[in-house]
Amino acid sequence: MVLQQALNALQLGSIYALIALGYGLVYGVLRLINFAHGDIFMIGSYLALFLAVFCRCPLWVVLPATFIALALLGVLIERLAYRPLRAAPRVSAVITALGVGLFLETIMLATVGPQPRGFPALINGGVYKIGHVTATGVQLVIIIVSIILMLALEVFVAKTRTGMAMRALSWDKTCAPLLGISIDRIVSYTFAIGTGLAAIAGIFVGMAYPVIDPYMGIVVGWKAFVSAVIGGIGSIKGAVVGGLLLGFVEIGAAAWLPSSYKDMICFTLLLLILLVKPSGLFGLPLQKKV
Amino acid sequence: MPRRFFLAIVTAASAALLLGCNRADVITVGLNVELTGSIPTVGKSCVNAAAMAAREVNARGGIALGDKTVPVKLRIEDNEDKAEGAAAVAQKFVSAGCVAMIGPNASRNAVPAAVVAESNKLLMISPWSTNPKLTEGKRYIYRACFTDDFQGVVVAAFVLKKLAFTKAAVLFDMASEYNKGIASVFKTEFTRSGGTLTAFESYATGDKDFSAQLSKIKQSGAEVLFLPNYYNEVPLQIRQARQQGFTGAIVGSDSWGSEEILKLGGDLMNGCYFTTHYAPDIATEKAKKFIGDYTALYGAKPDDVAALTYDACAMLFESIQKAASRDPEKVRAQLSVLSEFEGVTGAMRFTPGSGSPFKSAVVIQIKNNAFTYYDSINPL
């Protein structure tokens, strides 16, 4: 029972973590809460559905193709919607992000319609029984690929020049350009990676919960945002830990306490964490610069 | 006094006009239907079925009122699928002195029309409105379908008597009135009738992961899982239940009754059951005759509205016959104690004090990716 629930929690938490990473990366570099992120994740699901059903692509094609296509969409959204507002007050950019999210939702409503759609089984993973625990191939793929992606991101940010530039920009937006870092280029990279990860999460949600609709990004988006905040928004480690924590708390609350109180218990606990650590588990307290 | 004279003429003229409805040689029944607006097919089915019911009665000369037989005349009015339209039509029937009103069908129209009917003592039977509020605390308002919650009663009977399982679990959306209502009625009925509820789990609309709840349900040793949820969520729940190792039977409510569920759920849905009002392949004698006659007359299979309208008319005609009168008060008295009524959609009876019938439901089984009539189940 405990192991089974842990496996369930790991699957849900990995998905939250992948989306939370996108929120965190963008916030870290631009101090922008990209509220369109949940809807970008929804677009990822639909694109994967399209590729799988109409182009009959297998999973190993769908994953990178969706990642690249959505990365480009992320760059485009940043270029058209957020860059013109970079100097504007931060609230304008947040409102724009909400607008972009609504735009993506309505465009899907208008083109594919509001009816929920079945998501194809991209892999025939089978079901494995180990003692009392049942694991599905889909679950294992989700967990393993998520871990690989998170490690890859960590290496990318820590070891590459672009990653270093991202960290520099996040540290000090005024000084970094003086050292020859192009803000526009780095911001584009950040958006590309963030939305790409959301797209992968979109595919995973489609595989794990194979009914998708244009509003699917809203609730998952909120929860991923909460994960990012709990972990300390802007921190990669924080997004991962926050996502997994939310997954474990949600599953745990439903498993051992009355499930009607699930969300209440879950969010009360998260509020308590913020009460003790207001900047999240791994967040640095915001430093006012003179 | 020309003015008074004029008034008298107007009153007499309008009285004559209105009484046209209440002539001694016909029984006028008002049909308050959605002919235009967003659900015109509902209105059309309702009119078709009512016309067929009236035609059948009139072929025998009508309804016997004491020593003479009086034909039935339908007065059809469009409520435009609007609350105010439905209320206005009800008002019209009141002024016209109709014996009773059949319709409106959608709850959004039926509830406001019921307010007018109730305050004017107009007997009303809605074929299709399932909102419990329609008949609550009202004397003159009836319906031919069961209320949403009532399915909890029928499913409990189905699980205990037909499937012969005594250990059941429920997973329901606690943020939706429909799901929550059925789940709690099921809980009460099932335990009252000797069953054991091993788990009573919930989630909120929009959740996609039910693994924790379903794993708990699996552990609880339930033999059957009841999912009174909407068709877009049910396939996910069934898939996850199977993934968590639950192998028992799965039962649902009429919210499953959309072809979409077959597309979304595919083979997973096969073998599951759900309750509903009607199926176009019901196998009872009465239903077979109705479906045959209707198809011959209109060239299409009757839908649930048609079947329920036909039952509403039949109940009304039977009550008029028993009352041997067109006095709405006497007809109402007969309708309120109607029992052993065998309709197309099942056996039903009314108990004094409630306008919602105690009736059997149709159980559909999903077989070979299609809805198939399985059985008609009476409440315990």
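Predicted model, so just to flag it, every value in this text is computed and none were measured. (Residues numbered from 1 in each chain as written. Chains lettered and ligands numbered in written order. Predicted model: local features only at pLDDT ≥ 70, side-chain atom pairs only at ≥ 80, totals over all residues. Heavy atoms only, no water.)

J.: What exactly am I supposed to notice about the overall build of chain B here?
T.: Within chain B one finds twelve helices and 17 strands. Here the C-alpha radius of gyration of chain B, 23 Å, is about what a compact globule of 380 residues would show, namely 21 Å. Principal-axis analysis of the C-alpha atoms places the extent of chain B at approximately 85 × 40 × 40 Å. Looking at the 380 residues of chain B, the share that counts as buried comes to 56%. With the model as given, the accessible surface of chain B reaches about 15000 Å², and the carbon-plus-sulfur share is 55%. Considering chain B, the positive charge centre built from 40 side chains and the negative charge centre built from 37 side chains are found 4 Å apart. (Helix = DSSP H or I, 4+ residues; strand = E, 2+ residues; numbered from the N terminus. Rg over C-alpha atoms; globule rule 2.2 N^0.38 Å. Buried < 20%, exposed > 50% of the residue type's maximum accessible area, 1.4 Å probe, protein only. Areas by Shrake-Rupley, 256 points an atom, 1.4 Å probe, with all protein chains shown as cover. Lys, Arg positive; Asp, Glu negative; His and termini not counted. Charge placed at Lys NZ, Arg CZ, Asp CG, Glu CD.)

J.: Help me understand the overall build of chain A, please; the structure alone is not making it clear to me.
T.: Scanning chain A from terminus to terminus reveals eleven helices and four strands. Here chain A has a C-alpha radius of gyration of 19 Å; the compact-globule value for 290 residues is 19 Å, and the two agree. Its C-alpha atoms give chain A principal-axis dimensions of roughly 60 × 45 × 35 Å. When the 290 residues of chain A are sorted by exposure, 52% land in the buried category. Sequence-distant contacts in chain A: of pairs separated by 6 or more residues, those separated by 24 or more amount to 77%. Total accessible area on chain A is roughly 13300 Å²; 73% of this is exposed by carbon and sulfur atoms. The distance from the centre of the 19 positive side-chain charges to the centre of the 9 negative ones in chain A is 8 Å. (Contact = heavy atoms within 4.5 Å.)

J.: Is there a simple way to explain the packing of aromatic side chains in this structure?
T.: The description of an aromatic ring pair uses the distance of the two centres, along with the angle that the planes make with each other. One pass over the structure, following the stated rule, counts 20 aromatic pairs over all chains. Ring geometry for A:Tyr82 against A:Phe191: centres 5.6 Å apart, planes inclined by 40°, an arrangement best described as tilted. Placement of the pair is A:Tyr82 in helix α3 (residues 59-82) and A:Phe191 in helix α8 (residues 183-208), with a sequence separation of 109 residues. Owing to a relative accessible area of 3%, A:Tyr82 belongs among the buried residues under this scheme. Judged by centre distance (6.1 Å) and plane angle (35°), the rings of B:Phe146 and B:Phe150 are tilted. For B:Phe150, a relative accessible area of 9% gives the class buried. (Phe/Tyr/Trp six-rings, centres within 6.5 Å; stacked < 30°, edge-to-face > 60°.)

J.: Please explain the interface of chain A and chain B as it appears in this structure.
T.: It is common to give the size of an interface as the accessible area that goes away when the parts come together. Counting residues at the interface gives 29 residues for chain A, matched by 25 residues for chain B. Here chain A and chain B share an interface that buries about 2200 Å² over both sides, 55% of which is from carbon and sulfur atoms. Residue B:Asp207 is joined to A:Lys262 by a salt bridge in which the shortest nitrogen-to-oxygen separation is 2.7 Å. Counting across the chain A and chain B interface gives 13 residue pairs in polar contact (both at pLDDT 80 or more). When contributions to the side of chain A that touches chain B are tallied by element, the ones reaching two or more residues are α1 (2-30), β1 (117-118), β3 (133-136), α8, α9 (216-231), α10 (236-256) and α11 (262-276) of chain A. Top contributing element to the side of chain A that touches chain B by residue count: α1(A), with five residues. Classifying every residue of the side of chain A that touches chain B by side-chain character gives 14 nonpolar, ten polar and five charged. (Buried area = accessible area lost by both parts, 1.4 Å probe. Salt bridge = Lys/Arg side-chain N within 4 Å of Asp/Glu carboxyl O. Polar contact = N/O pair within 3.5 Å; in protein donor to acceptor, adjacent residues only side chain to side chain. Nonpolar A, V, L, I, M, F, W, Y, C, P; charged D, E, K, R; others polar.)

J.: Which parts of the structure should I look at to understand the sheet that holds strand β14 (residues 346-349) of chain B?
T.: Residues and elements named next belong to chain B. The strand order across the open sheet built from three strands is β13-β14-β15, with neighbouring strands paired in antiparallel fashion. The sheet is open, and its two borders are formed by β13 (341-343) and β15 (358-359), each paired with just one other strand. With respect to the sheet, helix α11 (residues 304-323) is in contact with β13, β14 and β15, its orientation differing from that of β13 by roughly 150°. (Pairing = 2+ DSSP bridges. Axes fitted to C-alpha atoms, helices over the stretch in contact; angles between N-to-C directions.)

J.: Any chance you could explain the domain arrangement of chain B here in plain terms?
T.: The domain boundaries assigned to chain B delineate domain 1 (23-146 + 284-349) and domain 2 (150-276 + 363-377). Here the C-alpha centre of domain 2 of chain B lies 33 Å away from the C-alpha centre of domain 1 of chain B. (Domains from an automatic or database assignment.)

J.: What is the right way to look at the side chain of B:Thr130 in this model?
T.: All names here are of chain B. Looking at where Thr 130 falls in the secondary structure, it is placed in the loop between β6 (123-126) and β7 (141-143). You can call Thr 130 buried: its relative accessible area is 16%. Within the local environment of Thr 130, its side chain forms a polar contact with the side chain of Asp 148, the two groups lying 3.0 Å apart. Not counting residues within four places of it along the chain, the set of residues in contact with Thr 130 comprises Ser 107, Arg 143, Cys 145, Phe 146, Thr 147, Asp 148 and His 277.

J.: Looking at this structure, I do not really get the pattern of salt bridges. What am I missing?
T.: Opposite charge on two side chains lets them pair, provided their charged atoms get close. Residues and elements named next belong to chain B. Applying the stated criterion across every chain yields a total of 20 salt bridges over all chains. Glu 329 is paired through a salt bridge with Arg 139; the nearest N and O atoms lie 3.0 Å apart. Note that Glu 329 is positioned in helix α12 (residues 328-336) and Arg 139 in the loop between β6 and β7, a separation of 190 residues in sequence. Overall, the relative accessible area of 32% leaves Glu 329 in the partly exposed class.

J.: Teacher, can you tell me more about helix α8 (residues 234-243) of chain B here?
T.: Each turn of an α-helix holds 3.6 residues, which means side chains three or four residues apart point in the same direction. All names here are of chain B. Counting buried positions along α8 gives seven out of ten residues, so the element sits mostly inside the fold. Buried within α8 we find Val 234, Pro 235, Leu 236, Gln 237, Ile 238, Gln 240 and Ala 241. Trailing α8 by a residue or two, Gly 245 shows a phi angle of about 95°, which is positive.

J.: How do you make sense of the layout of surface pockets when you look at a structure like this?
T.: Unoccupied space between atoms shows up once a probe the size of one water molecule is rolled over them. All names here are of chain B. Here the second largest pocket defines a volume of roughly 630 Å³. What lines the second largest pocket is a set of 23 residues, and nearest its centre among them are Asp 254, Gly 257, Thr 276, His 277 and Asp 304. Looking at side-chain class alone, the lining of the second largest pocket contains ten nonpolar, nine polar and four charged residues. Two domains each put at least three residues into the lining of the second largest pocket: domain 1 (23-146 + 284-349) and domain 2 (150-276 + 363-377). (1 Å grid on protein atoms, 1.4 Å probe; cavity = no way out; pocket = protein on both sides within 12 Å on 5 of 7 lines; lining within 4 Å. Points joined across faces, edges and corners; volume = space filled by probe spheres on them.)

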